[in-house]
Amino acid sequence: FTGCVQFNLKNDTNNNQTTETVDQVITDRYILNNGLTDYKIVSPENSNDYEKMAVSELSALFYESTGVSLESVKDTNLTHSPDAKYISIGNTTLFESANIDVDDEATLPDGFQITTKDNTIYLVGGNKHGVVFGVYEFLFRIIKFEQYSVDSYYIEKAVVDIPLYNYNVIDSPDISGHMAFAGF
């Protein structure tokens, strides 16, 4: 089974419009298969508070949705490998070794990029909030996470399978601080 979603919204960012690129193709691999995973979360050795929050949110919401804990590790001595299964958060040594181009849109305020290379998913952000917004977008794509207020959100429950997509998601929201209700 192969599926593809692709669309581009390109508007003038000087007029405060959203710029988003989405290209995601399903693979024959899984992040979670029959309730089991080999994936680990990787964060920078010297993570800032937003990277720590991104890791915490990904870990907690993934567990709430699937009942499966994702191990969290630091990026010390890690380099990209085609067989490794990681979800890399922020500007890790793993990301740097993967030689992935970061789109200019992802470096704008609150912008982010989600990219799959081999079996690893990379989530990077344009500033301190961007990486958190990238995690929330990734969670939306895998467990239908939607946050309505600081303490009100939706996620799918009892998820046992999460396919791996070849993500190329780039987003630069039109309003800086667009998720102020998330506690920022």
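S.K.: Help me out: how do you make sense of the packing of aromatic side chains in this one?
M.R.: For the coordinates displayed, the defined rule picks out 5 aromatic pairs. The interplanar angle of 40 degrees and the centroid separation of 5.7 Å between the aromatic rings of Tyr-165 and Tyr-167 together place this pair among those described as tilted. Here the two residues Tyr-165 and Tyr-167 agree in accessibility, since each one is buried. By way of ring pairs, the aromatic residues Tyr-136, Phe-145 and Tyr-153 are connected into one cluster.

S.K.: What am I meant to see in the pattern of salt bridges here?
M.R.: Pairs may arise between side chains of opposite charge once their charged atoms sit close together. Counted by the stated rule, this structure contains 4 salt bridges. Two residues, Glu-71 and Lys-40, come together in a salt bridge whose shortest N-O distance is 3.8 Å. One end of the pair, Glu-71, is in strand S4 (residues 71-74); the other, Lys-40, is in strand S3 (residues 40-43), and 31 residues separate them in sequence. Residue classification places Lys-40 among the partly exposed residues on the basis of a relative accessible area of 30%. Put simply, Glu-64 and Lys-157 hold a salt bridge, and the shortest N to O gap is 2.7 Å. Of this pair, Glu-64 sits in helix H1 (residues 49-66) while Lys-157 sits in the loop between strand S9 (152-154) and strand S10 (162-172), placing them 93 residues apart in sequence. We classify Lys-157 as exposed; its relative accessible area is 51%.

S.K.: Explanation requested: the packing of H1 against helix H3 (residues 130-143) in the structure shown.
M.R.: To characterise two packed helices, one gives the angle between the axes of the helices and the distance between these axes. Contact geometry of H1 with H3 gives a least axis separation of 8 Å together with a crossing angle of 15 degrees. The pairing of H1 with H3 is recorded here as roughly parallel in orientation. Handedness of the H1/H3 crossing: right-handed. Facing Tyr-50, Glu-51, Met-53, Ala-54, Glu-57, Leu-58, Leu-61, Phe-62 and Ser-65 of H1, the residues of H3 in contact are Val-131, Val-132, Val-135, Tyr-136, Phe-138, Leu-139, Ile-142 and Ile-143. In the contact of H1 with H3, the residues fall into 14 nonpolar, 1 polar and 2 charged.

Analysis parameters
- Residues numbered from 1 in each chain as written.
- Predicted model: local features only at pLDDT ≥ 70, side-chain atom pairs only at ≥ 80, totals over all residues.
- Heavy atoms only, no water.
- Phe/Tyr/Trp six-rings, centres within 6.5 Å; stacked < 30°, edge-to-face > 60°.
- Buried < 20%, exposed > 50% of the residue type's maximum accessible area, 1.4 Å probe, protein only.
- Salt bridge = Lys/Arg side-chain N within 4 Å of Asp/Glu carboxyl O.
- Helix = DSSP H or I, 4+ residues; strand = E, 2+ residues; numbered from the N terminus.
- Axes fitted to C-alpha atoms, helices over the stretch in contact; angles between N-to-C directions.
- Parallel < 35°, antiparallel > 145°, perpendicular 65-115°, else oblique.
- Left-handed = near helix turned anticlockwise from the far one by under 90°.
- Contact = heavy atoms within 4.5 Å.
- Nonpolar A, V, L, I, M, F, W, Y, C, P; charged D, E, K, R; others polar.

Honestly, it's all geometry; don't read function into it.
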